[in-house]
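# Results of the structural survey
One letter stands for each residue in the lines below.
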Amino acid sequence: WTWRLVRLARLESSEASGVQKIVRRTQKALRFGAKLNLVGMALTLLAAEQVVGTLIMKALVAPGSLAGVWSGTAPQAMQAFNTIDVFVIQATTNTLCAHFISLLSTLSLLARSVKW
C-alpha cells in the first residue's frame, strides 16, 4: 500500500485539481492504510496467541514439567522448547512492531492532513 501513496503523490503533483480534492483523496488512502494495519495487527495477535498456547502446551506436556518445579528439576522441562520456537516468537513480535510503527506514521500523516 506504500507504493499506492507514492503513485498518488505523483498523480496529484501532475494534476491541476483543487487542494480539497487532493486532501480528500489522500485522507481516503491514509484511512485505508490505517484499517489495513489494524487488520494486520489483529491477525498477528491471533497468531501470537496460538504460538503462546502451543508453547504452554509443550511446557505442560513435557516430562517432569509440573513436578520439576517442586523437585528442583525444572531445567528438564525447558528442553521441550526448540530454538525455532524462540524465533517464531521473535518474528511475531517484529511483525507487531512493524504494524504499530506503520499505524503511528499513518495516523500522524492523517492528523496533519486534517489541518488542511
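Note that residues are indexed from 1 along each chain, following the sequence as it is written. Only residues with pLDDT of at least 70 get local features here, since the model is predicted, and only at 80 or more are side-chain atom pairs given and counted; chain-wide, interface and lining totals rely on the full set of residues. Side-chain numbers here rest on the full set of heavy atoms in the structure, without hydrogens or water.

### Things to note about the overall build of the chain
We count a stretch as a helix when DSSP gives it H or I for four or more residues in a row; a strand needs E for two or more, and each element gets its number in order from the N terminus. When its secondary structure is counted, the chain shows 5 helices and 0 strands. Going residue by residue from the N terminus, the α and β elements of the chain occur as α-α-α-α-α. Burial here depends on accessible area, computed with a 1.4 Å probe over protein chains only, as a share of the maximum for the residue type. Under 20% is buried, over 50% is exposed, and the range in between is partly exposed. Classification of the 116 residues of the chain by burial places 24% in the buried group. Contact definition: two residues touch when any of their heavy atoms are within 4.5 Å. Relative to all contacts within the chain whose residues are 6 or more apart in sequence, the contacts with residues 24 or more apart total 75%. Accessible surface area values rest on a Shrake-Rupley calculation with a 1.4 Å probe, where residue burial reflects the displayed protein chains alone. Of the roughly 8400 Å² of accessible surface on the chain, a fraction of 70% belongs to carbon and sulfur atoms.

### Some words on the side chain of T92
Locating T92 in the fold gives a position in helix α5 (residues 83-114). Once residues lying within four places of it in the same chain are set aside, the contact partners of T92 are T44 and A48.

### A word on the confidence of the model for the chain
Per-residue confidence from the predictor is reported as pLDDT, which spans 0 to 100. Averaged over the chain, the pLDDT score is 76; the fraction of residues at 70 or greater is 73%. Of all secondary-structure elements in the chain, the lowest mean pLDDT belongs to helix α3 (residues 65-71), at 51, while α5 reaches the highest, 84.

### Some details on α5
Here α5 is 32 residues long and its end C-alpha atoms lie 47 Å apart, about the 46 Å a rise of 1.5 Å per residue gives. Listed as buried for α5 are D85, T92, L96, H99, L103, T106, L110 and S113. Each residue after the first adds 1.5 Å to the expected span of a helix.

### Looking at the environment of I101
Structurally, the position occupied by I101 is in helix α5. Judged by its relative accessible area of 57%, I101 falls in the exposed class. Once the C-alpha coordinates of I101 and N37 are considered, the two residues, 64 residues apart in sequence, prove to be 9.4 Å apart.

### As for the packing of helix α2 (residues 19-61) against α5
At a minimum axis separation of 9 Å, α2 and α5 run at an interaxial angle of 160°. The angle between α2 and α5 places the two elements in the roughly antiparallel class. The handedness of the crossing between α2 and α5 is left-handed. Charged means Asp, Glu, Lys or Arg here, nonpolar means Ala, Val, Leu, Ile, Met, Phe, Trp, Tyr, Cys or Pro, and polar covers whatever is left, Gly included. Residues belonging to the contact of α2 with α5 are distributed by class as follows: 18 nonpolar, 11 polar and 3 charged. The convention used is that axes are lines fitted to C-alpha atoms, helices contributing only their stretch in contact, and that angles between N-to-C directions extend from 0 to 180 degrees. Each angle gets one of four labels, with under 35 degrees taken as roughly parallel, over 145 as roughly antiparallel, 65 to 115 as roughly perpendicular, and the rest as oblique. Two helices cross in a left-handed way if the nearer one is turned anticlockwise from the farther one by less than a right angle. They cross in a right-handed way if the turn is clockwise.

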